[in-house]
Amino acid sequence: MHDTATVFNQHIAPRPLGGSTEAQPPVRHVCVVGGGTAGWMTALMLATSAYGLRLKVTVLESPQVGIIGVGEGSTPWLRGFFDGLGIEESEWMPACNATFKSGITFQDWSTKPGFERYFHPFASMLDNMTMHQFVDNVHERLDGADVHAHPDRFFVAATLARQARGPRPARTFPFDVWYGYHFDATLLGQFLGRKAVEHGVRHLQGHVTQVLLKEGGDIDRLQLDDGDTLAADFFVDCTGFASLLIGKALLTPFIPYAENLFNDAAIAMPTPLEGPIESQTVSTALRFGWAWKIPLTNRCGNGYVYSSAHCSADEAETELRRHLGMLDSDVSARHLKMRVGRMAKQWHRNCVAVGLSQGFIEPLEATALLFVQRTAAMLVEALENGELGPAMQDKFNETMRIRFENTRDYIVAHYKTNSRTDTDYWRANAENMNLSASLQQVLTTWMSRKPLAAGLKSGRFGQGYPIVSWYALLAGMGVFPDAADLQPPTAHQARHRMDTVDDFVQRSALNFPDHRELLANIPPRVGDKSLQLYLW
Ligand SMILES: Cc1cc2nc3c(=O)[nH]c(=O)nc-3n(C[C@H](O)[C@H](O)[C@H](O)COP(=O)(O)OP(=O)(O)OC[C@H]3O[C@@H](n4cnc5c(N)ncnc54)[C@H](O)[C@@H]3O)c2cc1C
């Protein structure tokens, strides 16, 4: 058996609410500029810091500049955010038309027979029972044996998604699966805003026309278009792609990722919700990018993320409409530009950038809110430790650099391993050699048929994503010897019986309810000790 480690090698660590300190905060007033999801999440985390109401938090948003209004999928880490605030799923999910997400199906990214689609699961404790069979089979297939090595049959989450089951099992079933959420981005922002105000956050409307600096270069105050100014000790830039404070005022350079992530535009369009609600995002590769399909309780969110260097906005819209069967529909489509890359420093002087202002890796794995959550958590921790000096800033910026680059690498791997040849776009992606040393090592290790586990565990390469994710991606895309070159397996190579795996996965799935039924009656979670026992 290959050394795979346990699949369940991550845990959710919500910041416990209620820690408090008598100490004075190192800054008295933090002004969060921007009232999108990033602004409100950050404000809530600041408002629930150990300083309580002694840390004054203001959110300023422009009545003239709307929020981006897309971003409907999350990773499982969002559970920790709500748990940390003591907010039940049964409260926030209906308010945001939210559904559960067991993972992502990637459709048509690969043309290899049998690998036209695969599922990237969020890990389940149950996968510990089938992970080593999967990894063993992967390595037998890499070695040329014709054994089953497509990921989907090995993971309970894939079955839950396809059978439209919700990823929360019956209480009597003692195993948890990791899951994320889908939600209406605008409703989520409004919900978080209400909660933040309940926690004492001051909410102001005002359009910033100028950022006024002190002599030393720190931000002093904000000039608003009604003539007022707003001063604070510390500023959080949540102004979206505009990066008004960290970029335009403090002149922090932006590092684009265009050399290995080509997509820079998107179109969003809703469709009616029909039939059962699958607990998954579907990402379908189209000619110049990929289309998302995200089921909410009242509609589906859809969109096309594409490269404007390879096709025009009109062409992209027509292709999306055709894909959705809406060529003749008068539902309007929203066109967006995306700035993909990161700020060279996400903490600069007395300003931290959170959200699209700090950088953005395209939404293929729905990681943006995870960045928001982690960045805001690091800021709160620094404030609670009273550490705002240059050493802390350097550490913060280096941590963010690594996180951005690790996540980028995993996303780039989807494009690099595609086998489509229908457009220049896909050929250029497959031929792209602008790969980080870390990603090159992941791919070289795989192609040389060596296990990834040792390198991933020791931190030599592929950080930021668990073993299961790398194996699901590379096996799911069919990065194996050509089928014609495979040999019938020996008895040893065929030692794992797929009917046993299927039986285990299918029987496990029976413990999970229909997704719609679960959404209609979401049981309490925060106080559910039986689940926490396994999660922490
Ligand atoms: C196509 C696409 C798909 C995405 N999908 C996902 C996904 O599936 N999952 C995920 O996690 N993320 C996703 N994202 C990212 C996600 O949308 C954002 O991370 C999230 O919405 C947070 O945005 P934000 O708050 O940083 O910015 P915004 O929502 O743009 O908010 C900016 C705020 O700044 C304020 N502002 C701007 N200028 C001024 C000014 N002059 N004065 C005062 N206020 C000002 C505005 O009023 C607004 O309140 C996606 C993004 C795109 C583009």
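See the structure printed just above.
Residues numbered from 1 in each chain as written. Predicted model: local features only at pLDDT ≥ 70, side-chain atom pairs only at ≥ 80, totals over all residues. Heavy atoms only, no water.

### Focus on the site of the ligand
Alright, step 1. The ligand sits among 31 residues. The nearest are Gly 35, Val 65, Val 70, Gly 73 and Val 208.
Alright, step 2. Within the backbone of Thr 37, one N or O atom sits 3.4 Å away from an oxygen atom of the ligand.
Alright, step 3. For the ligand, whose unbound accessible area comes to 1,000 Å², protein coverage reaches 96%.
Alright, step 4. Within the residue set of the shell around the ligand, elements represented by two or more residues are α1 (37-47) and α9 (368-384).
Alright, step 5. Split by residue class, the shell around the ligand holds 17 nonpolar, 12 polar and two charged. (Near = heavy atom within 4 Å. Polar contact = N/O pair within 3.5 Å; in protein donor to acceptor, adjacent residues only side chain to side chain. Areas by Shrake-Rupley, 256 points an atom, 1.4 Å probe, with all protein chains shown as cover. Helix = DSSP H or I, 4+ residues; strand = E, 2+ residues; numbered from the N terminus. Nonpolar A, V, L, I, M, F, W, Y, C, P; charged D, E, K, R; others polar.)

### A look at the packing of aromatic side chains
Alright, step 1. Applying the stated rule across the entire model yields 31 aromatic pairs.
Alright, step 2. Ring centres of Phe 173 and Phe 175 lie 5.5 Å apart, and the angle between their planes is 65 degrees; on these two criteria the pair is classed as edge-to-face.
Alright, step 3. For Phe 173, a relative accessible area of 13% gives the class buried.
Alright, step 4. Consider the rings of Tyr 304 and Tyr 306, whose centres lie 5.5 Å apart with planes at 45 degrees: the pair is tilted.
Alright, step 5. Residue Tyr 304 is classed as buried on the basis of its relative accessible area of 0%.
Alright, step 6. Above the face of the Tyr 179 ring, Arg 79 is positioned so that its terminal group lies 4.0 Å from the ring centre. (Phe/Tyr/Trp six-rings, centres within 6.5 Å; stacked < 30°, edge-to-face > 60°. Buried < 20%, exposed > 50% of the residue type's maximum accessible area, 1.4 Å probe, protein only. Lys NZ or Arg CZ within 6 Å of the ring centre and 35° of its normal.)

### Details of the sheet that holds strand β10 (residues 229-231)
Alright, step 1. Strands sit in the order β8-β9-β10 across an open sheet of three strands; the sheet is antiparallel. Two strands in the sheet have a free side with no partner beyond their single neighbour: β8 (208-213) and β10. Here the strands of the sheet are splayed against their neighbours by 25 degrees on average, with no regard to which way each runs.
Alright, step 2. Where strand β9 (residues 219-224) and β10 come together, three bridges link them in antiparallel fashion. Pairing of Gln 223 across the sheet is with Thr 229, part of β10. (Pairing = 2+ DSSP bridges. Axes fitted to C-alpha atoms, helices over the stretch in contact; angles between N-to-C directions.)

### Examining the pattern of salt bridges
Alright, step 1. Taken as a whole, this structure holds 23 salt bridges when the rule is applied.
Alright, step 2. The partner of Glu 398 in a salt bridge is Arg 401, and the shortest N-O contact between them spans 2.7 Å. Here Arg 401 and Glu 398 lie together in helix α10 (residues 390-416), a separation of three residues that amounts to about one turn.
Alright, step 3. Overall, the relative accessible area of 36% leaves Glu 398 in the partly exposed class.
Alright, step 4. Salt bridges sharing common partners tie together Arg 342, Glu 398, Arg 401 and Glu 405. (Salt bridge = Lys/Arg side-chain N within 4 Å of Asp/Glu carboxyl O.)

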